[in-house]
Amino acid sequence: MAPVHARTADRYGVTTPSSRWFPYAMTAAVAVLVWWSARGTEVDLAMLLRDGPRAILSYTTRLFPPDLSSGFLANTAVGTLETLAISIMGSLLSMLVAFAVVFFASANLMYTGVLFEREQLGPAGRGLRVSVYLLAKGLLNILRSIPEIVWATVFVFAVGLGPFPGVLALGVHNGGVLGKLFGEVLENVDRRPIEALQTTGASRFQILIYGILPQALPHFLSYSLYRWEVNIRAAAILGLVGAGGLGQRIHIAVSLFLENQLLTLLVAIYIVVTLVDYLSAYLRSLL
Amino acid sequence: MYRLENIRKVFNGDLVAVDHVSLKITPGEQVAIIGPSGAGKTTLFRLLNLTLRPDGGVLWLGNSDVGELRGRALRATRRRIGTIYQQHNLVPRLPVVHNVLAGRLGAWSGWRAVWSLFRPQDLHSAYAALSQVGIPEKLYARTDELSGGQQQRVAIARVLVQNPEVILADEPVASVDPNLAHSIVKLLVEISQTSGMTLVMNLHSVELALTYFPRVIGFREGRIQFDRPPAELNDDLLSRLYAGMSRSEAQEAGIDADYEAPFTSSCGPLLPGK
Amino acid sequence: MAQVDLGALLDERALGNFVKFFAGAFPPDLSPDFLGFLVKPTIETIQISILGTAIAVAIGFPLGLLGTATLAFRGILHGREIAGAPSRRLVRFLPYAASRALLSLFRSIPEFVWALMFVKGVGLGPFPGVLAIGVAYGGMIGKIYSEILEAVDPQPLEALQATGASRWQIVLYGFLPQAYPNFVSYTLYRWECAIRASAVLGLVGAGGLGQEIEISMRMFDFHQVFTLVIILFALVAGVDWLSARIRQRVFAR
């Protein structure tokens, strides 16, 4: 019979594992946090439920009918294409950035794991590699922690207005994000083919090409396509800081209370985002 | 208990899994069904536990025709049948106590089911059932931490809590160590004998069937080949049942597949073989 | 179309601007006055992210449940029951299609645009930020939750059904416990994104650090901007760490 703790055993003498209380504790903590947040952000739930539906309805009716004048439609089309282009170029750039950095930011490629078990690096070599690793990881963290908007502002400052700073901002920020995701892929590759290759006497670089990359590339592509879905939304709004695309036009429409134009632009965003979502899902299913 | 009259089940329009099967099982009996893989044993099993609807024939459980049941009536009838699958009976992340008490779900209202997740209802019956299968100390353990044999015991405990009239088991020990297999089959047969529940078990291993069951049915290609007590079975019948199996399948089932019996087209009171 | 001009990136002027920018930002403004002043916006940003995520779950979970095919009209819950009557299938299908469409709408419009609209609707401050995150992320959470539910192992569900459990009981004892770890994981991931989003939404006046960033940028005080970015970085790192710990607990063993 298992030892009995007076506090946690029930009348049958069966002890309850402590992890049983964890979900309840967690739920309580979350509830407290949510209540605290509601107080802090001055969210008046009563007012929200009372006036909310009416406000939503009145605003929605103001949006109709959409502005379908040919001039504005042409403008919207240009903006849409620009946004699409920004997202594609930004995605490509981010893939390049991530690909370049991630190999230095993976512990199992730099200084530990299967590739390094037999040949021990000297302390100097190891120290050097670890520092490179830390630098690379740090770089990726910085790139992805700073929101695209902030990057966009920096680049607008550096190279001027237009879609180009948008591309750079997306490329840099998502380079960090993809770098982290790629890194996780690399760290989770199946060990066994790597070990097998190692026994044939292949060099570390060859093992990378023959063993690690074939496993990793489909995941890289999959994550990149998934990020494209995120990018298209980001590209749409970078325009707010002057980086072109639909964002710029939306800002104008909202500021000048041109709700009819806003509706047209919203439809445009909805179409382009849904399009990219479907394309991305389709391409990923081919992988 | 069960009466099948000309039961038929067809998949995709042309794959006949169960072909004009007629069968009677009396309350409290223990019946083993053996046969090669793909013979339709599992389809028959799922017809008996009301997961599938027959495409032809009549299926009686007790005094009711259960072939076309729906909704509440279906749910109520399912309560009378306890089911044990080969694997994956249980919800992995739930603690054992909830998986066992799931046997009561047919009797509980929705709200009671929710409340039980926080404060297990009928705790004593869960504990008693787990004691009967030999692992009472696992009451609050997480189900996916148990071994395969232990998980099957939990599934049996759930059936005990459900307290049905019939226990149906589909190859319950096929994924379990051979030593454990004997104890689990023996446990189920004993439960059936002491409680009066009817027991119908699909078995992969002929040896287990012959050792523990007073009635053995051979099933092949959707039809019953024979239906006899073990004493009346011989190698000839068994080999013909498994004829055409691969060597390894035969070894697993525990029969000598090299024996080639002379084929006869009539077999007396049984349904024709081929 | 995107006017990608690598040459422009590397030319003298751009580099010069870069240097000016970073020189102007360094060193970060670490004066105690400023830091003390920033406590409130930082807390506000955290609060916006938490409440926004909570609202997103409140919106996404029910709509996600409705929008799951294997709950609405397919799979184990309906296998023996499909009457074949077209009208019954339609009754099941409509809420499914409607919730999917609604979720799609919510998540296709970037949270920024939602924020702009809400700011116009309810005024400046953290409230529109909360609503924007709630709606936009609600759409994402709903979609992912229904994908998780559809990927659940059907075998234990069949076993539950065989005991005579009702549909709701099968959902409660079979679907949800299996989906729970992935629910938690994705919600934590959304919270990480929410922290970044709440900071950024401030740029359009939705409170928190973002609003301070906008103000500092407007005043061209890049030292302050640098400080704000560092704080943001620390926040994201903190949330990252916390959610990794929680994930460990939930997926333990």
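Preceding block: the structure.
Before going into details, it helps to say that this report is about the structure given with it. It should be emphasised that the depicted structure is a prediction, and the values quoted were computed from it without experimental measurement.

Here we look at the packing of helix 9 (residues 204–238) of chain A against helix 11 (residues 259–286) of chain A
Residues and elements named next belong to chain A. The N-to-C vectors of helix 9 and helix 11 enclose an angle of 175°; their axes lie 9 Å apart at closest approach. The orientation of helix 9 with respect to helix 11, classified from their angle, is roughly antiparallel. Here helix 9 contributes S222, L225, Y226, W228, E229, I232, R233 and A236 to the contact with helix 11, which in turn contributes I269, V272, V273, V276, D277, L279, S280, A281, L283 and R284.

A word on the pattern of salt bridges
Residue and element names in this part refer to chain B. This model, assessed by the stated rule, comprises 17 salt bridges over all chains. In this structure, D19 engages R223 in a salt bridge whose closest nitrogen and oxygen atoms are separated by 2.7 Å. A residue pair is termed long-range when its members are at least 10 positions apart, and D19 in strand 2 (residues 15–25) and R223 in strand 10 (residues 223–228) qualify at 204 residues. Using a relative accessible area of 13% as the deciding quantity, one classes D19 as buried. The partly exposed category is assigned to R223, whose relative accessible area is 28%. Several salt bridges converge on common partners, so that one network encompasses E29, R215 and D227.

A closer look at the interface of chain A and chain C
Chain A puts 56 residues into the contact, and the matching count from chain C is 52 residues. Of the roughly 4,900 Å² buried at the junction of chain A and chain C (both faces included), carbon and sulfur atoms supply 78%. One can count 1 salt bridge joining chain A with chain C. With its nearest N and O atoms 2.7 Å apart, the salt bridge here joins R144 of chain A to D240 of chain C. Taken together, the connections running from chain A to chain C amount to 4 residue pairs in polar contact (both at pLDDT 80 or more). Of the residues contributing to the side of chain A that touches chain C, the split by class is 40 nonpolar, 9 polar and 7 charged.

Looking at the side chain of E259 of chain A
Relative to the assigned elements, E259 of chain A resides in helix 11. Not counting residues within four places of it along the chain, the set of residues in contact with E259 of chain A comprises Y59, R62 and L63 of chain A.

What counts, and at which threshold
- Residues numbered from 1 in each chain as written.
- Chains lettered and ligands numbered in written order.
- Predicted model: local features only at pLDDT ≥ 70, side-chain atom pairs only at ≥ 80, totals over all residues.
- Heavy atoms only, no water.
- Axes fitted to C-alpha atoms, helices over the stretch in contact; angles between N-to-C directions.
- Helix = DSSP H or I, 4+ residues; strand = E, 2+ residues; numbered from the N terminus.
- Parallel < 35°, antiparallel > 145°, perpendicular 65-115°, else oblique.
- Contact = heavy atoms within 4.5 Å.
- Salt bridge = Lys/Arg side-chain N within 4 Å of Asp/Glu carboxyl O.
- Buried < 20%, exposed > 50% of the residue type's maximum accessible area, 1.4 Å probe, protein only.
- Buried area = accessible area lost by both parts, 1.4 Å probe.
- Polar contact = N/O pair within 3.5 Å; in protein donor to acceptor, adjacent residues only side chain to side chain.
- Nonpolar A, V, L, I, M, F, W, Y, C, P; charged D, E, K, R; others polar.

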